[in-house]
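# Structural overview for review
One-letter residues, chain by chain:
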2 protein chains.
Amino acid sequence: MPSPHAPLLRALAGDRPEQTPVWFMRQAGRSLPEYRELRVGTRMLDACLTPDLAAEITLQPVRRHGVDAAVFFSDIVIPLRLAGVDVEIEPGRGPVFADPVRTRADVDRITAIDPEALDTTAIAEAVRIVTAELGDTPLIGFAGAPFTLAAYLVEGGPSKEHLRARAMMHTDPDAWNRLAGWLSRVSRRFLEAQRDAGAATVQLFDSWAGSLNPADYRTHVAPHSKAAVTGLDVPVIHFGVGTGPFLADMRLDGVASAVGVDWRQPLDEAAGILGDGVTVQGNIDPAMLQAPWEVLEAHVRDVIARGRSARAHILNLGHGVPPETDPDQLTRIVELAHS
Amino acid sequence: MPSPHAPLLRALAGDRPEQTPVWFMRQAGRSLPEYRELRVGTRMLDACLTPDLAAEITLQPVRRHGVDAAVFFSDIVIPLRLAGVDVEIEPGRGPVFADPVRTRADVDRITAIDPEALDTTAIAEAVRIVTAELGDTPLIGFAGAPFTLAAYLVEGGPSKEHLRARAMMHTDPDAWNRLAGWLSRVSRRFLEAQRDAGAATVQLFDSWAGSLNPADYRTHVAPHSKAAVTGLDVPVIHFGVGTGPFLADMRLDGVASAVGVDWRQPLDEAAGILGDGVTVQGNIDPAMLQAPWEVLEAHVRDVIARGRSARAHILNLGHGVPPETDPDQLTRIVELAHS
């Protein structure tokens, strides 16, 4: 059982623990040699659905870095795979769907699947293994936001500016709302499974929301993200990249306990926009992980100093750990945050 | 000779012609069947360096759409190719460099090349063919901004968040400044060749500037972009994607006559930030090109209405024409702007 006194949970509740809690998005993954070794011969989505393996990968960065939280090792398309959607992760490319969802008929077809019928046994089992070993350290549940999922699903794979998903909002708002509403329920089901098995908090990842203008975000996206996490009974962290122009909307009308800020916006400025009702998370520039420690250290100290203007601060990167990162840099950041 | 009364040039001078001038970034390219036909069997950079071909491709969208300007068909890496750098465009991927420029020694090696020694004969010849046919219609010269070029060159190819180039700014600011300064001179040389052969204005493309935080943009990037276009004696359009957080800096201290705005920011809001000293260009959402004409038309009318709050407005997309665009949608936009 994670302690309610765990620094991460205190910070999410708006409290300021003695030491700034720290974890890293994509801390479980390719930057760790022990991860690369474990993953040999196993495809990404298969690894996510093998409880022992997913649990071990989730735990690796906690053991190595001493971070304040584990984040469940998974992929945002896992609940779609569990829903029977034909999706694979192509190495070096990303999620690729055999049947893109572009037309009204495509939307009818996919939304006919009942999100409640998803078999989340493998997820629950992995989470139980993780939380049993973690003890006081909280596990963060993981899911993709409806827009980011749609950005892949409508296009059929990765794209730069997510034109097809963004076009659907205007071309056929009804089809868009049905699709995004369904994706919202699918991601919610995924989060509930993690919560029920012991995740103490969850993070909703809207990695591609930054391709939207504020009006589209507000009208066509935020309501679906909010529905995915409202009433989950655990604190919610909401993260997007390039969301500066509509940062206040990322609070999801108070449903989010913390908002993740990318590296583009100084954290004190972001805190000023977000106000006193929410904790900030971020926002070390991932590029700085390549710099010598003295340069990175100065940057991290600056981020921590700026974070003091928020009600509470969870130290993290402004986006995921790049695969080529020297993991020792991450360990040093944790030591600095805890010193 | 382009007439100084050409609507584009009047708008750049801060005047409001009767009809909103309109052109499209990447109007010469894959959205046109006549382009795809011409390009069969010719590699991208070879096409750019074959004067007849580059000129014909530049002229195609002017003939088809009746836009208010041609934009020189080229690639931002062309001046690097002319400098003897080993670069190729991989279809579906982008520019790939045989030797990435990552170390101090790499920077020494590449900056030893004299930008003044670039043989721009093929560029000048293509521009002369184009301007002879264009008559009153102005040709916009084309070049990449130093940061966007560096984003490719330091990484060795396309990347999502341009970590290596952004890291170099902090890890070795001296090497960064030498590299960006050299790229600035290379792009300037490319623009001068186009101007000398008849381009009436130029646009500097900083497509990846949006990956920077405002402080990095101001300190490590803007001075080099400014140096590339200061004192060119033709109006300068400066364009970037995702540059909302530092839009005012895109004016380059008054050197830019117009600033391009991407689709994320309402044009009236952008005009408010940019002030009365500069013309705005943009910002039709490329995703809307996929929508039925009634939906696209309403969007274009909204963009034109918002553009009225600027001193002058050049209608354009918020980024380049996507390859899958139905070219008739572009023609309709021109007709609407001219109606």
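From a predicted model like this one, the values you see are computed outputs, not experimental measurements. (Residues numbered from 1 in each chain as written. Chains lettered and ligands numbered in written order. Predicted model: local features only at pLDDT ≥ 70, side-chain atom pairs only at ≥ 80, totals over all residues. Heavy atoms only, no water.)

### A closer look at the sheet that holds strand S4 (residues 139-144) of chain B
All names here are of chain B. To keep things clear, this is the line we draw: Strand pairing is assigned whenever DSSP detects at least two bridges linking the two strands. Secondary structure elements are defined from DSSP: runs of H or I of at least 4 residues count as helices, runs of E of at least 2 residues count as strands, and each element is numbered from the N terminus. The contact rule is simple, with two residues in contact once any of their heavy atoms fall within 4.5 Å. Axis geometry follows a simple rule: fit a line to the C-alpha atoms, using only the stretch in contact for helices, then measure angles between N-to-C directions, giving values from 0 to 180 degrees.
Strand order in this open sheet of 7 strands is S1-S4-S5-S6-S7-S8-S9, and the pairing throughout is parallel. What marks the edges here is a single partner per strand, and that holds for strand S1 (70-71) and strand S9 (313-317). Of the pairings in the sheet, the one linking S1 to S4 comprises 2 bridges and is parallel in character. Counted as the bridge partner of Ala-70 is Leu-139 from S4. Relative to strand S8 (residues 279-284), helix H13 (residues 293-307) is tilted by about 165°, and along the sheet it contacts S8 and S9.

### Brief notes about the relation of the copies chain B and chain A
In plain terms, the rule: Residues below a pLDDT of 70 in either copy are left out; the C-alpha atoms of the rest, at least 70 in both, set the least-squares superposition of the copies.
Note on the identical chains: chain B maps onto chain A by a rotation of 180° and an axial translation of 0.0 Å, with an RMSD of 0.0 Å. Taken together, the rotation angle and the small translation identify this as a two-fold axis. A share of 100% of interface residues in chain B that are also interface residues in chain A marks the association as one of identical surfaces.

### Some remarks on the side chain of Asn-316 of chain B
Residues and elements named next belong to chain B. Where we set the bar: Here a polar contact means two N or O atoms within 3.5 Å. Within protein one must be a hydrogen donor candidate and the other an acceptor candidate, and residues neighboring in sequence count only if both atoms are side-chain atoms.
Among the structural elements, Asn-316 can be located in strand S9. A polar contact is formed between the side chain of Asn-316 and the backbone nitrogen of Met-25, at a distance of 3.0 Å. Not counting residues up to four positions away in its chain, the partners in contact with Asn-316 are Trp-23, Phe-24, Met-25, Gln-281, Gly-282, Asn-283 and Ile-284.

### Comments concerning the interface of chain B and chain A
Operational definition: Accessible area that two parts lose when put together, with a 1.4 Å probe and added across both, is what the buried area reports. The term salt bridge refers to a pairing of a side-chain nitrogen on Lys or Arg with a carboxyl oxygen on Asp or Glu at a separation within 4 Å. We call Asp, Glu, Lys and Arg charged. Ala, Val, Leu, Ile, Met, Phe, Trp, Tyr, Cys and Pro are nonpolar, and the rest, Gly among them, are polar.
On the chain A side, the residues contacting the 29 residues of chain B number 29 residues. Contact between chain B and chain A buries roughly 2,400 Å² in total, counting both sides, with carbon and sulfur atoms accounting for 55%. If you sort the residues of chain B by the area they bury against chain A, Glu-161, Leu-163 and Arg-264 of chain B come out on top, with a joint share of 22%. Counting the contacts that link chain B with chain A gives 2 salt bridges. We note a salt bridge from Asp-285 of chain B to Arg-166 of chain A, for which the minimum N-O separation is 2.5 Å. The set of elements that each furnish at least two residues to the side of chain B that touches chain A consists of helix H9 (163-171) and helix H11 (214-229) of chain B. Considering every element that reaches the side of chain B that touches chain A, the biggest residue donor is H9 of chain B, with 6 residues. Along the lines of polarity and charge, the residues of the side of chain B that touches chain A split into 14 nonpolar, 7 polar and 8 charged.

### Structural notes on the sheet that holds strand S9 (residues 313-317) of chain A
Reading across the sheet, the 7 strands line up as S1-S4-S5-S6-S7-S8-S9 (chain A) and stay open at both edges, with parallel pairing between neighbours. A single partner strand is all that each edge strand has here, and the edge strands are strand S1 (70-71) and S9 of chain A.

Keep in mind these numbers describe shape, not what the thing actually does.
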